[in-house]
Amino acid sequence: MTKARGNQFEGRWKWGRRLAASLTLGAGLLSAALAGAAEPDKVVFGTNWFAQAEHGGFYQAKATGIYEKYGLDVDIEMGGPQVNNVQLLLAGKQNITMGYPIRNIKSLVQDLPVVTIAAPFQSDPQALLAHPHVKSLEQIKGKPVYVFSGAKQTFWPWLEANYGYTDDMIRPYTFSVQPFLADKSVVQQGYVTSEPFAMEKGGVTPSVFLFAEYGYPPYAQTLETTREWVEEKPEVLRRFVQASMEGWKSYFQNPAPANKLIKEDNPQMTDEQIAFGIEKMKEYGLVAGGDAKTKGLGVMTDARWKATFDFMAKAGMVPEDLDYKKAYTLEFLPEEPVLP
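All values derive from a computational prediction rather than experimental measurement.

**Details of helix α6 (residues 156-163)**
So, step 1. For α6, the set of buried residues is W156, P157, W158, L159 and Y163.
So, step 2. In the core, the buried residues of α6 are packed alongside β5 (126-130), β6 (145-147), β7 (170-172) and α14 (302-314).
So, step 3. Phi turns positive, to about 70°, at G164, one or two residues after α6.

**Details of the sheet that holds strand β10 (residues 222-226)**
So, step 1. Spatially, β2-β1-β3-β10-β4 is the arrangement adopted by the five strands of the open sheet, whose pairing is mixed. Of all strands in the sheet, those bounded by a partner on one side alone are β2 (72-77) and β4 (114-118). The mean angle between the axes of side-by-side strands here comes to 30°, regardless of whether they run parallel or antiparallel.
So, step 2. Direction of pairing for strand β1 (residues 41-46) relative to strand β3 (residues 96-99): parallel, over a ladder of two bridges. In the sheet register, G46 faces β3, and the bridge partner there is T97.

**Overview of the pairing of β1**
So, step 1. Bridge count for β1 against β2 is six bridges, and the pairing is parallel. Paired with F45 across the two strands is I76, which belongs to β2.

**Focus: the sheet that holds β6**
So, step 1. Taken together, five strands build an open sheet; the order of strands is β7-β6-β8-β5-β9 and the sheet is mixed. The sheet terminates laterally at β7 and β9 (207-210), the two strands that pair on one side only. The average undirected angle you get between the axes of adjacent strands in this sheet is 40°.
So, step 2. Strand direction decides the pairing type here: β5 and strand β8 (residues 187-191), joined by four bridges, are antiparallel. Its bridge partner lying in β8, A127 is registered against G190.

Calculation rules
- Residues numbered from 1 in each chain as written.
- Predicted model: local features only at pLDDT ≥ 70, side-chain atom pairs only at ≥ 80, totals over all residues.
- Heavy atoms only, no water.
- Buried < 20%, exposed > 50% of the residue type's maximum accessible area, 1.4 Å probe, protein only.
- Helix = DSSP H or I, 4+ residues; strand = E, 2+ residues; numbered from the N terminus.
- Contact = heavy atoms within 4.5 Å.
- Pairing = 2+ DSSP bridges.
- Axes fitted to C-alpha atoms, helices over the stretch in contact; angles between N-to-C directions.

And the structure:
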């Protein structure tokens, strides 16, 4: 086959695939419309933490009827420090859960049937937070750093490889900013959308080092499901991704409906904290930045997944011959991109 004919064939194949996916989604919506009073498809979705602005798009899709429009009845279950979403997913207690690419790739080593279908956060909001006199990640080397127990399995190997950090720097993270506020030598992990707010309330405006701005490759707060659902419920998954991304677009336009539900689920959440989270998501382009600007909210690419796997393999976190492509699929991304 000539190169020209090959390109022509590839173009037709891609067009055919797009058409098939569009028809599948359209058929699902038509079926939902024709069903009228028929029961919508039930989906239990688990988040990775207590309700907050970082979950706003999903709460918005529920609050404004977007899920209902797509024939879905979605229950949102909050996560927390004692909640293991993967166990709940595999046990059938949740159908879709909020995940993380590094965890997902590592699950392949155990042959866990978990598949990522979209990436609402284009950048990981994880950062190191230091006192204002610290001006670089390099200056943190040798200082005490408070990180959670899973850091050694996620971002710490990246810091070791790129900045020479060592295990003797690690201190146990207490999910509090008090050690930071009490000691100017302390550095701690934190989401750029959350912990800096508490630090500023405590009188310190921290230096923020967002890993994604220094080349840390993973997506974050991804949507994970099981291989069983990928095979048996593809149309439901496609509608869930579509509706959720429309929810995120709507949330940034008018977050009030979602914020009401967020505060109902998490009464400790304040309007001020939510507003801070929204501001930082916009400032750092966590949801609408990167490829999402032109390819649509929730987009994933093979290149980003390869970069994440390459970092993990180089750090010895997974075998170099692992078939990491089993960890995700691009099949359920919106065919018509939901542009910011």
